[in-house]
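Breakdown of the fold
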Amino acid sequence: MRAVKKYSRICQHGSQSRSNPGMLEAIQQLRDGTIGDVYMARALCYKWRPSIGHAAVEAVPPGVNYDLWTGPAPLKPFTRNRFHYNWHWIWDTGNGEIGNQAIHEIDIARWGLGVGFPVSVSAMGGHFMFDDDQETPNTLNATFCFDGAEGKRKMMEVAVRHWITNHEVEIGSGAYGTSGVPAAGTDRRNKQKAC
């Protein structure tokens, strides 16, 4: 934001869902109370990601300013796993699948709940199955609690898996892709649920 102001430029970021006509209609249906008072949303990201293996240190490719590319992160020896795309899986430059693909589903779930920033977050996960250079979790479960409008508490669950092991709520069955926001908790009686 400082650079935008300093250089009088426009910066835009999109999470690839907010202009989708079907999504806009679904959110309006939530706002209209079609399924009741929504107090909980669940975002799923079950995305197959193969092992990134172990990458050897090598020379920086010609034409790449690796120092500039690395930015404020520690300047470590160049490997393909610290560069294009695989940087997502290294703590110095990425935050794993939660910030790579799941952020899109998180945005939809928060939008549907009508909330801002959470008041508390709990998460547990790890890097399972592969022996490779990946540092970030490839399996993660997180819970976010929010103070919604009119003092109503709301909650969001996020699940990230690098491997689809079942067809939970038809995710991965062909009916849906491997990520989404499949369900929301509602309370038609307007009773509050505690986080």
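Refer to the structure printed above.
Residues numbered from 1 in each chain as written. Predicted model: local features only at pLDDT ≥ 70, side-chain atom pairs only at ≥ 80, totals over all residues. Heavy atoms only, no water.

A closer look at the overall build of the chain
When helices and strands are tallied, the chain shows five helices and five strands. Order of helices (α) and strands (β) in the chain, N terminus to C terminus: α-α-β-α-α-α-β-β-β-β. Looking at the 195 residues of the chain, the share that counts as buried comes to 34%. Nonlocal contacts in the chain, meaning residues at least 24 apart in sequence, comprise 63% of its contacts between residues at least 6 apart. When the accessible surface of the chain is summed, it comes to about 12,000 Å², and 55% of that surface belongs to carbon and sulfur atoms. (Helix = DSSP H or I, 4+ residues; strand = E, 2+ residues; numbered from the N terminus. Buried < 20%, exposed > 50% of the residue type's maximum accessible area, 1.4 Å probe, protein only. Contact = heavy atoms within 4.5 Å. Areas by Shrake-Rupley, 256 points an atom, 1.4 Å probe, with all protein chains shown as cover.)

What about the pattern of salt bridges?
On inspection of all chains with the given rule, the structure shows nine salt bridges. Between E157 and R42 there is a salt bridge whose closest N-O contact spans 3.7 Å. Of this pair, E157 sits in strand 4 (residues 153-161) while R42 is found in strand 1 (residues 37-46), placing the two residues 115 residues apart along the sequence. For E157, a relative accessible area of 27% puts it in the partly exposed group. It is possible to trace a salt-bridge network through shared partners that takes in K76, R82, D92 and E135. (Salt bridge = Lys/Arg side-chain N within 4 Å of Asp/Glu carboxyl O.)

A short note on a nonpolar patch on the surface
Nonpolar side chains collect at one region of the surface, where W48, F128, M129 and W163 lie side by side and expose about 450 Å² of accessible area between them. With respect to the secondary-structure elements, W163 resides in the loop between strand 4 and strand 5 (179-187). (Patch = residues over 30% accessible without salt bridge, like charges linked within 9 Å, V, L, I, M, F, W, Y side chains within 5 Å.)

A few points about the packing of aromatic side chains
Within the structure shown, the criterion is met by six aromatic pairs. On the numbers, 6.2 Å between centres and 70° between planes, the contact of W48 with F130 is edge-to-face. Here F130 lies in the loop between strand 2 (120-126) and strand 3 (139-147) and W48 lies in the loop between strand 1 and helix 3 (66-70), a separation of 82 residues in the sequence. According to the relative accessible area criterion, W48 is partly exposed, its value standing at 43%. (Phe/Tyr/Trp six-rings, centres within 6.5 Å; stacked < 30°, edge-to-face > 60°.)

Focus on helix 2 (residues 21-31)
One side-chain oxygen of the residue at the start of helix 2 lies 2.8 Å from the amide nitrogen of G22, identifying that residue as N20. Taken from the residues just after helix 2, G33 is the one with a positive phi, measuring 80°. (Polar contact = N/O pair within 3.5 Å; in protein donor to acceptor, adjacent residues only side chain to side chain.)

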